Every structure is written in C-alpha cells, then in structure tokens.
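Residue strings, one per chain:
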Amino acid sequence: MGKKTPAINSSSTADIAFLLLCYFLMTTTMGSNTGLQRRLPPMPDANQKAEDQKVNRRNIIVVKINSADRILAGTDPIDVSQLKDKIKIFLTNPTDDPSLPEKTMTDIEGFGEYAVSKGVISLQNDRGTSYHAYIAVQNELVKAVNELRDEFATRNYGRDFNACTSDQQEIIKKAVPQNISEAEPKDVSRK
Amino acid sequence: MSRFKKGEKKSTPTGSSGSISDIVFMLLFFFMVTTQMRDTENKVMVTMPQASEVVKLERKDLSSYINVGTPTRTYQAQYGTDSRIQLNDSFKTVSDIRDFIAAERDAMSEADRQFMTTVIKADENVRMGIITDIKQELRRCSALKIMYAATRKSE
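Residues numbered from 1 in each chain as written. Chains lettered and ligands numbered in written order. Predicted model: local features only at pLDDT ≥ 70, side-chain atom pairs only at ≥ 80, totals over all residues. Heavy atoms only, no water.

(A) Inspection of the side chain of Lys135(B) at higher detail. Mapped onto the secondary structure, Lys135(B) falls in helix α5 (residues 128-140). You can call Lys135(B) buried: its relative accessible area is 7%. Leaving out residues up to four positions away in the same chain, Lys135(B) has contacts with Leu40(A), Tyr134(A), Glu182(A), Ile146(B) and Tyr148(B). (Helix = DSSP H or I, 4+ residues; strand = E, 2+ residues; numbered from the N terminus. Buried < 20%, exposed > 50% of the residue type's maximum accessible area, 1.4 Å probe, protein only. Contact = heavy atoms within 4.5 Å.)

(B) Broad picture of the pattern of salt bridges. Within the structure shown, the criterion is met by eight salt bridges over all chains. Taking the shortest distance from any N to any O, the salt bridge between Lys88(A) and Glu151(A) comes out at 3.1 Å. In this pair, Lys88(A) is assigned in helix α2 (residues 80-92) and Glu151(A) in helix α3 (residues 131-157), connecting sequence segments 63 residues apart. Exposure remark for Glu151(A): the relative accessible area of 37% places this residue in the partly exposed category. Its salt-bridge partner being Arg140(B), residue Glu137(B) comes within 3.0 Å of it at the nearest N-O pair. Placement of both Glu137(B) and Arg140(B) in helix α5 is noted, with a separation of three residues, approximately one turn of the helix. Take Glu137(B): its relative accessible area is 8%, and that puts it in the buried class. The structure contains a network of salt bridges with shared partners spanning Lys84(A), Lys88(A), Glu147(A) and Glu151(A). (Salt bridge = Lys/Arg side-chain N within 4 Å of Asp/Glu carboxyl O.)

(C) Local environment of the sheet that holds strand β4 (residues 71-73) of chain A. Residues and elements named next belong to chain A. An order of β5-β4-β3-β8-β9 is seen for the five strands of this open sheet, with the pairing classed as mixed. Edge positions in the sheet fall to β5 (76-78) and β9 (180-182), since each of these pairs with one other strand and no more. Averaged over neighbouring strand pairs, the angle between their axes works out to 30° when direction is ignored. α3 contacts β3 (60-65), β4, β8 (120-125) and β9 of the sheet and is inclined by roughly 175° relative to β8. (Pairing = 2+ DSSP bridges. Axes fitted to C-alpha atoms, helices over the stretch in contact; angles between N-to-C directions.)

(D) Looking closely at the nonpolar core. The biggest cluster of nonpolar side chains holds 60 residues, and the ones touching the most others in it are Ile87(A), Tyr131(A), Ile66(B), Ile120(B) and Leu138(B). For this core, the element with the highest residue contribution is α3(A), accounting for 10 residues. Here Leu138(B) is in contact with Leu40(A), Ile66(B), Ile97(B), Ile101(B), Thr118(B), Ile120(B), Ala143(B) and Ile146(B), once residues within four sequence places are set aside. Residues Ala17(A), Val24(B), Leu28(B) and Phe31(B) belong to the second largest nonpolar core, which totals six residues. (Core = buried A, V, L, I, M, F, W, Y, C linked by side-chain atoms within 4.5 Å.)

Encoded structure:
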C-alpha cells in the first residue's frame, strides 16, 4: 500500500527514434534533381505544310553531331571546347556580318529598344550519337546563351543575371532569347 | 567549510539521457522534410552525364520520370544488356509512353497539367536513337516540357 509506481526507463525511446531515423534514411532519397530544361516543338499538323516556317538562311546555324560524336557547326567541323565561342559570335554578330544573323530593333517592355538577334540554333543528331556527347553539346549551347545574358546584365544592371530581380531577368530573357531548336530526327550520316 | 568538502567527494551526476530522444526525433523530422520517398526501384543502371549549366527542377511533384539505360545485373538474363526504358516499375517500350503520360496527366489537377515536366534520366552511354524515339513520342502526346537529367559538373 502507498507504494509508488517506479518511473519507466525512457532511455530506450532514443533507440526507437534511431530505428525510425534509419528507416527513413534507407527509404528516401535526398532528391536534388538537376538537369537541362528544354521545350520540345509541338508535333506539326499533318495537313499543314512545313514550308511556312521558313527561316532566312543566315539566321540559322546547324549543329550536327554524327555517330562518332564529331561536331559540325555551320559548315566546318569543330571541337566542343570551341563551340561556345562560335555560338556567341553567331548570336551577337558584333561586326554586322551579312552571313551572320540579322538583328531587329524590338521594343522590350520596361527597357526600351534593343537589337535582338534573330539567330536560331538548330541541333541535329544521329541515332548513333552518344547521349554523353549530346548533353555536352546542349550544355555548351546553354552556356553560350547564359554568358551572353550575364554580359547583358552586367552592362545594363551592373550585376550577374542571377543577381537581377525577376523583372530584370524577364527583360534579359527577351533581349537574349534562347532559341535552340531540336529538329526533326534525321540520319546525319547518310549525307 | 566542512559542508563543501563533503560535496566534493560526491561523484559527478550522470547527465539526463531523456533529451537524447528529442534530439534524434529532431534529426528524424529533418530527414522526413528534406527527403522524398523513393517511389520506384531502379531497374536500369543510370550514370547521369555531367553538365555545368544545370538548373534545379522546380516542381518535383509535377514531374514524371523516364529512365533509360542498361538493365541491372539481376534483370540482364531476362532483358539483355541493350538499353531499355523503365517507366514506373517495369520495363516498357516506346509505345507504352503514351499510356504512361496519360496516366501521369490524369493524376494531376487540371491547373497543374500545363506545368508537367518529363524528366529523361538516361545513362551517358545510351545512343541517341532511343532518346529521339522517346522525344518524338512525347511530342505526339504533347508533353513538351522536358528535362535532361544531369549532375552538376564540379569545375
């Protein structure tokens, strides 16, 4: 009578919590999903003629990757390491070369007139191209555009693209568009 | 003075271990919040290619995954070593993508469907033929937002 109930030993709750912790560590992933985002062109309508999307020849650069992962940019073979600079020259056209893309004065909301390049990069690959090479080329193309955006941002806002406000980023995106077209699959090697 | 001397002789009291469980629970909640359930078992081996310009996937809940790669060792006897497509938990062919995308789309709310991203997780040694087929099929299903999964290159 009058005996006190002994306190329950609580040291094992830590073990139970550890077990739960281990369970969650095993079954979950620390998902940090990163990658290159792209937008595929919509499937052309069967009745619609493909002709109406004709782009002026000087406005397009064709980057081809063959089954041996060799790269052809425009007319000459090129190494991945040089691709970025070539694309940058193509997109900026600093000397107003008539063989490089034309620019149109576009009124960008919140910024004013800016000569936006009409250049389009068309990426073609072979069925035998390795994914590794394809991603490397995609990466270089994105890098070229990103660097141009950074340059634009530094020139006009005095900071990097990522440091700009979202409004400024929208303006920059309009001024330096990322026009990468993933063309219809073609057999590059046959040509 | 004698009182203090008496106190010094005492052994140091053991620290209360009752708070250990609280600490571990805190760790537990941290992991529960930052991680996500591994939804599917990987049946293909994927070594993602590296790229320096990668961006983070914005809405993880609105993405569906297409894994492409060589089957893992346990499945090689059955499916060979050629690159295969894995959707959800099983090996599929390109023609099954249509149903897969339709099912994924149905599972989303009306407003979210336009933000659906299809993540192509392909091994870096896959040939582009299979990827091109997948891309064409995705275009046919008008699942146009895609992402090539890649890991950040440490430069």
